[in-house]
Number of protein chains: 2
Amino acid sequence: MSTFTIHTLGCGSAKPTLRHQPSSTVINYRENLFMIDCGEGTQHAFQKQRLKFNRLRHIFLTHLHGDHVLGLPGLISSLGLMGMTGKITIHTFPEGKRIFTRIFDFFAPSLPFEIEFNLIHKEEAVILDTPSLSVRTLPLEHRVPAVGFVFEEKEKLRHIRRDMIDFHKVPVAQIRDIKEGADFINPEGKIIPNAHLTSPADPSLSYAHISDTAYMPDIAKKIGPVDLLFHETTYLDINKADAAERGHSTARQAATVARDAGAKALLTGHYSSRYKDDSEFLKEAREVFPNVILNNEGLVTPLD
Amino acid sequence: MSTFTIHTLGCGSAKPTLRHQPSSTVINYRENLFMIDCGEGTQHAFQKQRLKFNRLRHIFLTHLHGDHVLGLPGLISSLGLMGMTGKITIHTFPEGKRIFTRIFDFFAPSLPFEIEFNLIHKEEAVILDTPSLSVRTLPLEHRVPAVGFVFEEKEKLRHIRRDMIDFHKVPVAQIRDIKEGADFINPEGKIIPNAHLTSPADPSLSYAHISDTAYMPDIAKKIGPVDLLFHETTYLDINKADAAERGHSTARQAATVARDAGAKALLTGHYSSRYKDDSEFLKEAREVFPNVILNNEGLVTPLD
């Protein structure tokens, strides 16, 4: 059972097709759900994946185009009808707060939970910081202000070796320090090195979500060697002029970013309606970067 | 091939389930599409039924609850992306014009077609009148202002009997009058009665759409003997207290309206999420009125 999985709710783009839904992704991190974008139909796709509404606490909006956000009023209304309590934080640009405040006031005027807007900007910034996870923004190049999001798990505790703890009679009060890397000094004053008492921590996992954007060669080093990179692949390289003009990327460009970032894997998506065969995205990206995952609605991608 | 069919795009209610979609119905009248309500996901359901976006010219909103209208911003945006031209008329209350103008200005700022708002009110009025069809509103009792819509085909022309027209040598210039019921006076001054020259016109068809509303016994006579009555059946009669409190009807109440109106058939819908088995609506309604059609997404109901 993975502790960090990416659920694809929608990986189409703006013009509707029967093959794909508009954008939405849900990150399940230890049963805490973080949503990125909320296109029309997201609440339905969310239910279809058997995700739990009461686990959803943060919604991150990459930018304010309709195919990324028009499912939000319905989702918020439904959370109200389902008796959600507590707080939902929506991370969005100031103009997002303005328009959605009006829409929620009209369509969901008396919610049983609080909506907090965390205002973000087209800049590099840490926008969420919890004891186990941080989220930072990366500015993107699109027709309206847009950011990517990088989710990074913090350094984890080392694993205690129970047999050695017992053997050296380590008091319970010191276990936390030892998990954090401290050595143990026994009553006789002898230093037991941490490496004798513990095994290495699990690796810290990371996920980057880059959509919508023109090709930005320099973003790779800002992303870094994430375990999984979602990078939009709206177009194929044969249409790279259209991609540049409309602030989008091709599959080849996304794969180049993944390669240059040192990402472990690339997840495709935000497919233009003009292509009928998604496998073309996979084929093109794999010419540059081997580990490409072809995205689709309902796909669940574990990071570990 | 029917000339007047009712397409059910969504027949659920506000709380989302995987069994139903929020409200939307499309009337196909001689390849002109009239939409009633536009819940989230309507554009997808529209495509799924292979309906043609460029045939859609009128959208009627019964009331401004989210489950009836939150698919409208996405639909309008998509019509723009698809290069729709001409004009779309949205029939809605004044507050609908206010909120949707704001939303369209934000999410679909430069559309290639015109949006006209035809303001409606909670009253009996003819709101659309074409040479072949009229649409009138009926005030309903819901938690917010709501109306039902009655679509009525106008009286049609009688069918010419080609053999008799030839026999009596009726000039082409008089055919239109004769289709409208005129007698023919031949050059010798003899009156040929219309009934000798024509056969009866096809019956004029009619459809009433009543949602959302508390039970209104008196509405039956305002609806009249329509060919098909959609009347919301949010609840079963066992929950009629909830229905009354929330401004909804039960299957039994809807069937009573259908019976008292002299409708030919009743179409159910707007099912509450609390019921898992829709056939209960059918069973209950049929105890009062025999010709009940159990609604579902994708259902196409011809009127003739």
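So, how was this worked out
Residues numbered from 1 in each chain as written. Chains lettered and ligands numbered in written order. Predicted model: local features only at pLDDT ≥ 70, side-chain atom pairs only at ≥ 80, totals over all residues. Heavy atoms only, no water. Buried < 20%, exposed > 50% of the residue type's maximum accessible area, 1.4 Å probe, protein only. Helix = DSSP H or I, 4+ residues; strand = E, 2+ residues; numbered from the N terminus. Pairing = 2+ DSSP bridges. Core = buried A, V, L, I, M, F, W, Y, C linked by side-chain atoms within 4.5 Å. Contact = heavy atoms within 4.5 Å. Least-squares fit on C-alpha atoms with pLDDT ≥ 70 in both. Buried area = accessible area lost by both parts, 1.4 Å probe. Salt bridge = Lys/Arg side-chain N within 4 Å of Asp/Glu carboxyl O. Polar contact = N/O pair within 3.5 Å; in protein donor to acceptor, adjacent residues only side chain to side chain. Nonpolar A, V, L, I, M, F, W, Y, C, P; charged D, E, K, R; others polar.

**Here's the deal with the pairing of strand S15 (residues 228–231) of chain A**
Residue and element names in this part refer to chain A.
No. 1: Residues Leu228 and Phe230 point to one face of S15 and Leu229 and His231 to the other, with burial holding for every one of them.
No. 2: Here strand S14 (residues 206–210) pairs with S15 via four bridges, running parallel. Of the residues in S15, the one forming a bridge with His209 is Phe230.
No. 3: Summarising the sheet, S15 and strand S16 (residues 266–267) pair through two bridges and their orientation is parallel. Note that in S16 the partner of Leu229 across the bridge is Leu266.

**Structural notes on the nonpolar core**
No. 1: Phe100 and Phe151 of chain A together with Phe100 and Phe151 of chain B are the most contacted members of the largest nonpolar core, which has 104 residues in total.
No. 2: Not counting the four nearest positions on each side in its chain, Phe100 of chain A is found in contact with Leu61, Leu64, Val69, Leu72, Pro73 and Phe117 of chain A together with Phe107 of chain B.

**Looking at the relation of the copies chain B and chain A**
No. 1: Each copy of the sequence occupies a distinct position, and chain B is placed on chain A by a rotation of 180° and an axial shift of 0.1 Å, giving an RMSD of 0.1 Å. Taken together, these values place the two copies in the relation of a two-fold axis. No C-alpha of chain B lies nearer the rotation axis than that of Gly41 of chain B, which sits 2.7 Å from it.
No. 2: A shared interface surface links the copies, since 100% of the contact residues of chain B are contact residues in chain A too.

**Things to note about the interface of chain B and chain A**
No. 1: The interface is formed by 35 residues belonging to chain B together with 35 residues belonging to chain A.
No. 2: Between chain B and chain A, the buried area comes to about 2,800 Å², and carbon and sulfur atoms account for 69% of it.
No. 3: Of all residues in chain B, Leu18, Glu40 and Phe107 of chain B bury the most surface against chain A, accounting for 24% of the area lost on that side.
No. 4: Where chain B meets chain A, there are zero salt bridges.
No. 5: One can count six residue pairs in polar contact (both at pLDDT 80 or more) joining chain B with chain A.
No. 6: Looking at the side of chain B that touches chain A, the elements with two or more residues in it are helix H1 (42–48), helix H2 (66–69), helix H3 (72–81) and helix H4 (94–107) of chain B.
No. 7: For the side of chain B that touches chain A, the leading source of residues is H4 of chain B, giving seven residues.
No. 8: Along the lines of polarity and charge, the residues of the side of chain B that touches chain A split into 15 nonpolar, 14 polar and six charged.

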